[in-house]
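Fold and contact review
Read off the chains here:
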Amino acid sequence: MTICENILRLTSYALSNSLITEDDIIYTENKLLELFRLDGFEEGLDTTLPKVKTENLENILKEMLDYAAAQGLFEDTGTVSRDLFDTKIMGQLVPPPSDVREIFNTLKEDVSSKAATDWYYKFSCDTDYIRRYRVCKDLKWKTATEYGDLDITINLSKPEKDPKAIAMARSMKQGGYPACLLCKENEGYAGRMNHAARQNHRIIPLKLNKEDWYLQYSPYVYYNEHCIVFDSKHEPMKISTETFIRLLDFVKQFPHYTLGSNADIPIVGGSILTHNHFQGGCYTFPMEKAPVEKEFRMKMYPNVHAGIVKWPMSVIRLSSKFDYDLVRAAEHILKAWQSYTDEEAFIFDHTDGELHNTITPIARKRGDKFELDLVLRNNITTEEHPLGVFHPHANLHHIKKENIGLIEVMGLAVLPSRLKKELADLELALKENKDIRQDEELAKHADWVDELKTKYKTIDTLVLQKEVGLVFSQVLEDAGVFKRTEEGQKAFWRFVEKIIEGK
């Protein structure tokens, strides 16, 4: 297709997906002509808009990018530079923030909050902010474990982050514009080589705890309607009483969504600790399906049901019809945990002036009740475990080395893209009886494969996927502060007894 034909195709795409109206057609075409430095359509071209399917967008943009690079409109150095320019292209089609917010708020007030998020999610896909043609390439499966089915994904659209680099980013002096990828100033931003373009990005203002926050979706969409809710101010992550209030405020407004927060300290926190934010979505995570295996009541909070969840990590579930009571009970547990030490269980609230205990909280509505899952976290390190005692141990790093953040805590593994090729190469090497230890890329899996050979006569794709899922189950067990042993559960109950008595 010629560039002029692709301008017509893209305009048709925008019209059919309601990014523009009939009144906007000529205006949109002229903006695209200007972007590609064209004076007009080529003579004799039929300018009737052709029929275009949503799935045609990837091809349209590819051909436009090839043309723009050939004409010197940008230097094509690979995916980053192409993403910067194709976002600029899509930015020509996206209505201003005021229009987007008006549609969202009208749907929320006149129809329902679900109607509003349904529309906003489709809009975020149609603008190519969520690149559907990349997300659909992620590998996904479920693995049955003693804790229920765990969700496994191999991420093919986002690079891995090293835990030490994440911790360093938190301590570095903040600067630049926008200050980070979660700041409100990203809306409409042109981007640069070390910062994603966001001309096609629109955010929705919210009030949480009477404060200004914003709603957007993750461009990587690890699960259905993967949303991010972020503070209007660029301030560090902090788990506090206000965190519980904000989470419950959100699920009160959007009861069809789950929302949680990463922990607020390195190693057990998420990939961005410099900007206070939450993640959630319209998805039932494995943790939500996990039952309470031991119930208890806190004397100070008779309206709150509490219990230990059957989960590889250490989780206390609180439930109540009254969000105020839930906040106070959660606050009590947070304060008790932040100052809790149990040397026998190797839990220290601080060493050398560094605080170690925090919580990963998750909020949801279940029927007419509010629910909070409080996941106990500790980031202490030792010489044996320099990345964290309650972090995936070294024998599991061949599958998962990165921090165990909110999404993994809830039972959805986000595994590095390298595993797609490595697992395929492993299967082939096993079929050909190759020595995996002699393969530089696959040698890290050798001990694991030796174990698998004792369990299976044939190791194929399904076996490898199942065993990757079981490794993830072990990863979560490593991250649990109270182990799933008799001794570990006794230690867990020692902490519970403290909070029952209100200490």
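Please refer to the structure higher up on the page.
The structure reproduced in this document is the subject of the present report. (Residues numbered from 1 in each chain as written. Predicted model: local features only at pLDDT ≥ 70, side-chain atom pairs only at ≥ 80, totals over all residues. Heavy atoms only, no water.)

Examining the nonpolar core
So the rule is basically this: Remark: nonpolar core denotes a set of buried residues (Ala, Val, Leu, Ile, Met, Phe, Trp, Tyr, Cys) joined through side-chain atoms within 4.5 Å. Residue exposure (1.4 Å probe, protein chains only): buried if accessible area is under 20% of the type maximum, exposed if over 50%, otherwise partly exposed. Two residues qualify as a contact provided that any one of their heavy atoms is within 4.5 Å of a heavy atom in the partner residue.
Leu318 and Phe482 are the most contacted members of the largest nonpolar core, which has 96 residues in total. Every residue in contact with phenylalanine 482, bar those within four places of it in the chain, is listed here: Ser314, Trp337, Tyr340, Ala345, Ile347, Leu376, Gly488, Gln489, Ala491, Phe492 and Phe495. Among the nonpolar cores identified, the runner-up in size contains 48 residues, and Tyr147, Leu396, Ile407 and Tyr456 belong to it.

Section: helix α2 (residues 25-35)
Given 3.6 residues to a turn, an α-helix orients residues that are three or four positions apart in the same direction. The condition is simple: Secondary structure elements follow DSSP: runs of H or I no shorter than four residues count as helices, runs of E no shorter than two count as strands, and numbering proceeds from the N terminus. Directions are taken from the helix axis to each C-beta atom, and the arc is the one they span.
Here α2 has its buried residues at Ile25, Thr28, Glu29, Leu32, Leu33 and Leu35. An end-on view of α2 places all buried positions within 160° of arc, on one side of the element. Exposed and oriented more than 90 degrees from the buried face of α2 are Ile26, Tyr27 and Glu34. Close packing links the buried residues of α2 with α1 (3-16) and α4 (79-91). One or two steps after α2, the chain reaches arginine 37, where phi turns positive at roughly 55°.

Concerning the packing of helix α9 (residues 241-253) against helix α11 (residues 323-338)
The line we're drawing: Between N-to-C directions, angles span 0 to 180 degrees; the directions come from axes that are lines fitted to C-alpha atoms, helices contributing only their stretch in contact. A clockwise turn of the near helix away from the far one marks a right-handed crossing, whereas an anticlockwise turn of less than a right angle marks a left-handed crossing. Lys, Arg, Asp and Glu make up the charged group, whereas Ala, Val, Leu, Ile, Met, Phe, Trp, Tyr, Cys and Pro make up the nonpolar group; the residues left over, Gly among them, are polar.
Their axes nearest at 9 Å, the elements α9 and α11 cross at an angle of 145°. Considering only the axes of α9 and α11, their crossing is right-handed. Judged by residue contacts, Thr241, Phe244, Ile245, Leu248 and Lys252 of α9 engage Asp323, Leu326, Val327, Arg328, Ala330, Glu331 and Leu334 from α11. Residues of the contact of α9 with α11, tallied by class, amount to 7 nonpolar, 1 polar and 4 charged.

Let's talk about the environment of aspartate 323
Position of aspartate 323 relative to the elements: it lies in helix α11. The class of aspartate 323 is partly exposed, set by a relative accessible area of 24%. Distance in space between the C-alpha atoms of aspartate 323 and glutamine 465 is 40 Å, their sequence separation being 142 residues. Other than its neighbours up to four places away in sequence, aspartate 323 contacts Leu248, Lys252 and Phe370.

What to know about the side chain of aspartate 325
Quick reminder of the rule: Two residue types count as positive, namely Lys and Arg, and two as negative, namely Asp and Glu; His and chain ends fall outside the count. One speaks of a salt bridge when a side-chain nitrogen belonging to Lys or Arg is within 4 Å of a carboxyl oxygen belonging to Asp or Glu. Side-chain atoms alone can form a polar contact between residues adjacent in sequence; in general such a contact is a pair of N or O atoms within 3.5 Å, and within protein one must be able to donate a hydrogen while the other accepts it.
Along the chain, aspartate 325 falls in helix α11. We note that aspartate 325 is buried and unpaired, the nearest opposite charge coming from arginine 328 at a distance of 7.5 Å. In this structure the side chain of aspartate 325 is engaged in a polar contact, spanning 3.0 Å, whose partner is the side chain of asparagine 303. If sequence neighbours within four positions are ignored, aspartate 325 has contacts with Tyr301, Asn303, Val304 and Ser320.

Quick word on the sheet that holds strand β15 (residues 412-415)
Basically, it comes down to this: Strands are treated as partners if at least two bridges between them are detected by DSSP.
The strand order across the open sheet formed by 3 strands is β1-β2-β15, and the pairing between neighbours is mixed. Of all strands in the sheet, those with a lone pairing partner are β1 (139-145) and β15, marking the two edges. Strand-to-strand, the axes of this sheet are offset by a mean angle of 25°, without reference to chain direction. Note: β1 against strand β2 (residues 148-154), 7 bridges, orientation antiparallel. Within β2, the position partnered with alanine 144 by the bridge is aspartate 149.

Structural notes on helix α13 (residues 418-431)
The cut-off we apply is this: Here a helix's expected span is defined as the number of its residues, less one, multiplied by 1.5 Å.
Look at α13: 20 Å from first C-alpha to last across 14 residues, which is about the 20 Å you get at 1.5 Å a residue. For α13, the set of buried residues is Leu419, Glu422, Leu423, Leu426, Glu427, Ala429 and Leu430. Within α13, the buried residues cover an arc of 165° as seen down the axis, which keeps them to one side. Packing partners of the buried residues in α13 comprise β2, β15, α14 (446-453) and α15 (461-479). A positive backbone phi angle near 55° is found at asparagine 433, which sits one or two residues after α13.

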